[in-house]
There are 2 protein chains.
Amino acid sequence: MKSDNIDIVLVEPSHPGNIGGVARAMKNMGLKNLVLVKPREFPAKEAEWRAASAIDVLQNARVLSSLDEAIADKQFVVGTSARERRIPWPVQDARLAGARVCEHSAFEKVAILFGREDSGLNNDELRRCNLHCYIPTHEDYESLNLAMAVQIVCYEIRMTQLDGQLPQAQDSHWENPFATSQEMEYFFEHLEATLVDLEFLDPRAPRQLMTRLRRLYSRVRLDDMEVNILRGVLKETRRVVAENKTQK
Amino acid sequence: MKSDNIDIVLVEPSHPGNIGGVARAMKNMGLKNLVLVKPREFPAKEAEWRAASAIDVLQNARVLSSLDEAIADKQFVVGTSARERRIPWPVQDARLAGARVCEHSAFEKVAILFGREDSGLNNDELRRCNLHCYIPTHEDYESLNLAMAVQIVCYEIRMTQLDGQLPQAQDSHWENPFATSQEMEYFFEHLEATLVDLEFLDPRAPRQLMTRLRRLYSRVRLDDMEVNILRGVLKETRRVVAENKTQK
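Residues numbered from 1 in each chain as written. Chains lettered and ligands numbered in written order. Predicted model: local features only at pLDDT ≥ 70, side-chain atom pairs only at ≥ 80, totals over all residues. Heavy atoms only, no water.

Moving on: helix H5 (residues 94–105) of chain B. Residues and elements named next belong to chain B. Between the first and last C-alpha of H5 there are 16 Å, a value that for 12 residues agrees with the 16 Å anticipated at 1.5 Å per step. All of the buried residues along H5 are Ala94, Ala97, Gly98, Val101, Cys102, His104 and Ser105. You can read the cap of H5 off the contacts: a side-chain oxygen lies 2.9 Å from the backbone nitrogen of Arg95, and it is on Asp93. (Helix = DSSP H or I, 4+ residues; strand = E, 2+ residues; numbered from the N terminus. Expected span 1.5 Å × (residues − 1). Buried < 20%, exposed > 50% of the residue type's maximum accessible area, 1.4 Å probe, protein only. Polar contact = N/O pair within 3.5 Å; in protein donor to acceptor, adjacent residues only side chain to side chain.)

Put into structure tokens, the structure is as follows:
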């Protein structure tokens, strides 16, 4: 992917707040080329306020008077649209379309078109596209806010770009190494001995106690430091029990 | 997934516009339970304006005075946060966290916490969570707008729910069946004969012309109606050529 090759094109946006929201959504996901075709009000204070630290994207936005100018030199044009159209067109959801955009942008100039807040892209505009892209909203309320739609598409582009680079396991960024099986066995022996000392566990009728404790600590995966802490507690417990017995 | 079991909890949101944006983002993705912990300003006109047709989500929002009340009965609590924390915690990106939420919500009560616009969730709040969730923003501008973050997480929940139900091929919703190989062979024969008639193709020195045309139409996959249209054109072309020859 080459983010310089990706233009986000807003066709006749009405609300300057949305333009600002779009600028921020883009920069959050690493995109910077914003194109505005006949915006109703731009520049505007509200756009700047909503853009927050993406003010540079707003300041560098190109304002054009026709869609033709925006896409003339583009080799792959994606139009976002609601799902159903009278004449079917090649269509994919935002995830697959985002992947296509990444792929094409490596070598080609790409534009992604977003339509008017109230009526989207018209049929003439949609016919200029190589691919239509839809976001699978819920049937109770299909209409996404413009900046939200841009956010989701830009997010999918970024997710494709990061594919395989993001950690999968929920504890992949741990500060300590996780305990080995051997360390866990020593811990369980230590634990069992302590519970016997405490007369909490009767070796002649152990029931499922150790099984349940094993299951608990296996599920959580202890790290080295946690094992040391727990074994410190066990050691101290055994010392107190032994002391008690000596005193009797 | 059971959407009734999923609460979106905003902790001390400052801007009523964001609360409205969140309500809309949720309803767009099929979620309805909004919980507000100590909102600075609510109800508010700006929230209603931004919620648009998700006004019902806003009206049914529960306003609480502490996070405890919001999560007391929850069995799985997710906290959204920036990626790096002093004490590592189980953490997954929005896609994987969304999948976990779907899975747990089938049987359990789930809350997803979103923090303050300026400072997020604090460490005490993050320690109440089973899982931390991050959205992989670009390093140039990490800070997502609150409603945008909710939009992405809700979108990922919906994508998990729809997994396998969305069409993959870009032309899976076509109104006409695609042409069979046999139909395409008849078409290519017809095309070739027409090009010979036109003396555009020399059968003694055909070069790569037909190969190139085959590659073009294979790439695009013609449907039945398109084949009929093209063959209509070929037929008419041949008729005109034949008429010309007769008149000579």
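Next up on the list: the domain arrangement of chain A. When cut into domains, chain A gives domain 1 (3–162) and domain 2 (181–247). Here the C-alpha centre of domain 2 of chain A lies 59 Å away from the C-alpha centre of domain 1 of chain A. (Domains from an automatic or database assignment.)

Quick look at the nonpolar core now. Counting residues in hydrophobic clusters, the biggest one holds 96 residues, and the most contacted among them are Ile8 and Leu34 of chain A together with Ile8 and Leu34 of chain B. With sequence-adjacent residues up to four places away left out, Leu34 of chain A is seen in contact with Ile8, Leu10, Ile19, Val22, Ala23, Met26, Val57, Leu58, Ala61 and Arg62 of chain A. (Core = buried A, V, L, I, M, F, W, Y, C linked by side-chain atoms within 4.5 Å. Contact = heavy atoms within 4.5 Å.)

Residues and elements named next belong to chain A. Between Phe42 and the following residue, Pro43, the backbone shows a cis peptide bond with an omega angle of -5 degrees. Along the chain, Pro43 turns up in the loop between strand S2 (33–37) and helix H2 (45–51). Unusually for a residue other than glycine, Ala52 sits at a positive phi of about 50 degrees. Inspection of the secondary structure assignment puts Ala52 in the loop between H2 and helix H3 (55–59). Relative accessible area serves as the criterion here: at 33%, Ala52 is assigned to the partly exposed category.

Residue-level contacts link 54 residues of chain A with 54 residues of chain B. Across the chain A to chain B interface the summed buried area is about 4700 Å²; carbon plus sulfur atoms make up 56%. Broken down residue by residue, the surface that chain A buries against chain B is led by Tyr141, Met148 and Gln170 of chain A, which jointly contribute 16%. Applying the counting rule to chain A against chain B returns 4 salt bridges. Arg95 of chain B is the salt-bridge partner of Glu156 of chain A, the closest N and O atoms lying 2.8 Å from each other. Going through the elements one at a time, helix H1 (16–28), H2, strand S5 (91–93), helix H5 (94–105), strand S7 (131–134) and helix H7 (146–162) of chain A are the ones with two or more residues in the side of chain A that touches chain B. For the side of chain A that touches chain B, the element with the most residues is H7 of chain A, which contributes 9 residues. Residues belonging to the side of chain A that touches chain B are distributed by class as follows: 27 nonpolar, 13 polar and 14 charged. (Buried area = accessible area lost by both parts, 1.4 Å probe. Salt bridge = Lys/Arg side-chain N within 4 Å of Asp/Glu carboxyl O. Nonpolar A, V, L, I, M, F, W, Y, C, P; charged D, E, K, R; others polar.)

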